[in-house]
Amino acid sequence: MPEIKTVAIVGLGTMGHGIAHCFAQAGYDVLVFDALQDTRNGFLPKITKTLQRLEEKEILAAGEASNIVSRCTVCSSLEALASADLLIEAIAEDFVAKQTLFRSIEPILRDSCIIGTNTSSLPITALAASCTRPERFIGIHFFNPAPRMPLVELVPGLETEEASVTALQTALTSMGKKVVLARDTPGFIVNRIARPFYGEALRMLEEQVADEATIDCILRSHASFKMGPFELMDLIGIDINFAVSEQVFAAFYFDPRYRPSIQQRRMVDAKRLGRKSGRGFYQYDEGDTSGSTVPFDKTLAEYVTHRILFLLMNEAIDAVFLGVASVEDIETAMCAGVSYPKGLLAWAEEFGLATVLDGLIALHEEYGDDRYRPSPLLRRMVKNKASFFAE
Ligand SMILES: NC(=O)c1ccc[n+]([C@@H]2O[C@H](COP(=O)([O-])OP(=O)(O)OC[C@H]3O[C@@H](n4cnc5c(N)ncnc54)[C@H](O)[C@@H]3O)[C@@H](O)[C@H]2O)c1
């Protein structure tokens, strides 16, 4: 099994910076590189400031910040990354740019170096094909902010060798990360299963079932989510969330289950992008209008909650059906990656799988839209009175 001591990070934006922080804090030697000189020059002052703040809050022991910073080396060329045992690419989400980078860096790296990508949406096997040795290539999907979010989705490509997977599982787990294994399919685990949280809320808004503040309040107070879908889209960036929806929809050859929303597209066109632009579904520039408590009746709350939850549960069940990940990893991913209050499969069983199936069949019949078709596994499990958690 390759031993990982030195980690190289290419691309020092939001994700690369956070990933470098994670490895340096865990005791690894970290080499960092970005194409932009200003970004390279800004790396050490920025990470020093972040770590000093953690020291002030006593999250880090006194003197620890400077120890961590001393493990980071800013490099001014790709050649300077040659001693890495693991390389993680975190440059822009652009297939050709990533492919070009892998083609130039692979000959520089040692044969034993594992090559990882932090892509959210590009196919791992296709990126691996940029390398002459795709068996050492793997998706390593951190969540934002990387130092705080525990989940990492490991996504082997078709050619990835077991030794690379095992080495990463060991290293990431010992850093305190929750590591799940996902099949190389669009959206991996979290970005696939979470689509209806946004998509069905947008559908209900378009149908005027309720306004955004009411839907958000219901999801928070009736279903125990930390944030409602509209508040969350405003936080993520409506453009980013829409781009992921479009990519997943196209990658599934336009399966109606993942159809993006026209209403959301209009928000992007109008540059109402959420918190970062001062206005999204809520206003932020003249006081924050999100997060309010709104009165709603029980029937509406149940309708809204069931519509979103049953679709989320159906996605989770279909992910099991298609071998995207194990039952345990799907439950972990949705709780650790997007802070869902419960694992969706256990939650579906609390409702009763037959209730979830009936709810989906009713929506399917009412709308005549394949977006609501129940997973074959759900039908099968109801028929056989089966459980995901049987002894
Ligand atoms: N932002 C998120 O929430 C998030 C979450 C998970 C995964 N991701 C994925 O992580 C990757 C990075 O995303 P980000 O949000 O950090 O992007 P970002 O735009 O903040 O940073 C990208 C950095 O890469 C640098 N760069 C671009 N091309 C380069 C090249 N050829 N060589 C070296 N440096 C180069 C840029 O100068 C920039 O500093 C993307 O693949 C994205 O899909 C993002």
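What you see is a predicted model; the values in this text were computed from it and never measured.

Scoring rules and cut-offs
- Residues numbered from 1 in each chain as written.
- Predicted model: local features only at pLDDT ≥ 70, side-chain atom pairs only at ≥ 80, totals over all residues.
- Near = placed C-beta within 6 Å.
- Helix = DSSP H or I, 4+ residues; strand = E, 2+ residues; numbered from the N terminus.
- Axes fitted to C-alpha atoms, helices over the stretch in contact; angles between N-to-C directions.
- Parallel < 35°, antiparallel > 145°, perpendicular 65-115°, else oblique.
- Contact = placed C-beta atoms within 7 Å.
- Pairing = 2+ DSSP bridges.
- Domains from an automatic or database assignment.
- Nonpolar A, V, L, I, M, F, W, Y, C, P; charged D, E, K, R; others polar.
- Left-handed = near helix turned anticlockwise from the far one by under 90°.
- Buried ≥ 20, exposed ≤ 12 C-beta atoms within 10 Å, placed from the backbone.
- Core = buried A, V, L, I, M, F, W, Y, C linked by C-beta atoms within 7 Å.

1. Quick word on the site of the ligand
At step 1: For the ligand, the set of nearby residues contains 21 residues, the closest of which are Gly 11, Gly 13, Met 15, Ala 35 and Asn 144.
At step 2: For the shell around the ligand, the secondary structure elements donating two or more residues are helix H1 (14-25) and helix H4 (95-105).
At step 3: Considering each element in turn, the shell around the ligand owes the most residues, three residues, to H1.

2. Regarding the packing of helix H14 (residues 327-338) against helix H15 (residues 344-351)
At step 1: With their axes 8 Å apart at the nearest point, H14 and H15 run at an angle of 100 degrees to one another. As summarised for this structure, H14 and H15 are arranged roughly perpendicular, according to the angle between their axes. Every residue of H15 that contacts H14 at Val 327, Ile 330, Glu 331 and Met 334 is listed here: Leu 344, Leu 345 and Ala 346.

3. So, the sheet that holds strand S5 (residues 114-117)
At step 1: The strand order S3-S2-S1-S4-S5-S6-S7-S8 describes an open sheet built from eight strands, whose pairing is mixed. Only two strands of the sheet have a single partner each, and these edge strands are strand S3 (72-74) and strand S8 (178-181). This sheet shows a mean twist of 25 degrees between the axes of neighbouring strands, independent of strand direction.
At step 2: Along the sheet, H14 makes contact with strand S7 (151-156) and S8, crossing S8 at roughly 135 degrees.

4. A closer look at the domain arrangement of the protein
At step 1: For the protein, the assigned domains read domain 1 (6-181) and domain 2 (192-383).
At step 2: Spacing between the C-alpha centres of domain 1 and domain 2 amounts to 30 Å.
At step 3: Each partner contributes residues to the interface: domain 1 has ten residues there, and domain 2 has eight residues.
At step 4: Mapped onto the side of domain 1 that touches domain 2, the elements with two or more residues apiece are S7 and S8.
At step 5: Tallied by class, residues from the side of domain 1 that touches domain 2 come to six nonpolar, two polar and two charged.

5. Digging into unusual backbone geometry
Most peptide bonds take the trans configuration, and most residues that are not glycine carry a negative phi.
At step 1: The linkage connecting Asn 144 with the following residue, Pro 145, adopts the cis geometry, with an omega of -5 degrees.
At step 2: Mapped onto the elements of the fold, Pro 145 is located in the loop between strand S6 (137-142) and S7.
At step 3: With a phi angle near 60 degrees, Glu 58 is a residue other than glycine that sits in the positive phi range.
At step 4: Along the chain, Glu 58 turns up in the loop between helix H2 (37-56) and helix H3 (64-70).

6. Remarks on the packing of helix H16 (residues 353-367) against helix H17 (residues 376-383)
At step 1: The contact between H16 and H17 brings their axes to 9 Å, and the two run at 135 degrees. As far as their axial angle goes, H17 and H16 are oblique. The handedness of the crossing between H16 and H17 is left-handed. Residues Leu 353, Ala 354, Val 356 and Leu 357 of H16 pack against Leu 378, Arg 379, Met 381 and Val 382 of H17.
At step 2: For the contact of H16 with H17, the per-class residue count stands at seven nonpolar, no polar and one charged.

7. Topic: the pairing of S6
At step 1: Counting buried positions along S6 gives six out of six residues, so the element sits mostly inside the fold.
At step 2: By the alternation rule, side chains of S6 split into Phe 137, Gly 139 and His 141 and Ile 138, Ile 140 and Phe 142, which are all buried.

8. Notes on the nonpolar core
At step 1: Residues Ile 9, Ile 19, Val 30, Leu 87 and Ile 189 are the most contacted members of the largest nonpolar core, which totals 111 residues.
At step 2: A total of ten residues in this core trace back to one element, the largest contributor, which is helix H13 (residues 298-321).
At step 3: Both domains that furnish three or more residues to this core are identified here as domain 1 (6-181) and domain 2 (192-383).
At step 4: Ignoring any residue separated from it by four or fewer positions in sequence, one finds Ile 19 in contact with Ile 9, Ile 88, Ala 90, Asn 118, Phe 142 and Ala 146.

9. Some points on the environment of Pro 196
At step 1: Here Pro 196 lies in helix H8 (residues 195-206).
At step 2: You can call Pro 196 buried: it has 24 C-beta atoms within 10 Å.
At step 3: For the pair Pro 196 and Phe 252, spaced 56 residues apart in sequence, the C-alpha separation works out to 15 Å.
At step 4: Once you skip the residues sitting within four places of it in the chain, Pro 196 turns out to touch Ile 308, Leu 311, Leu 312 and Glu 315.

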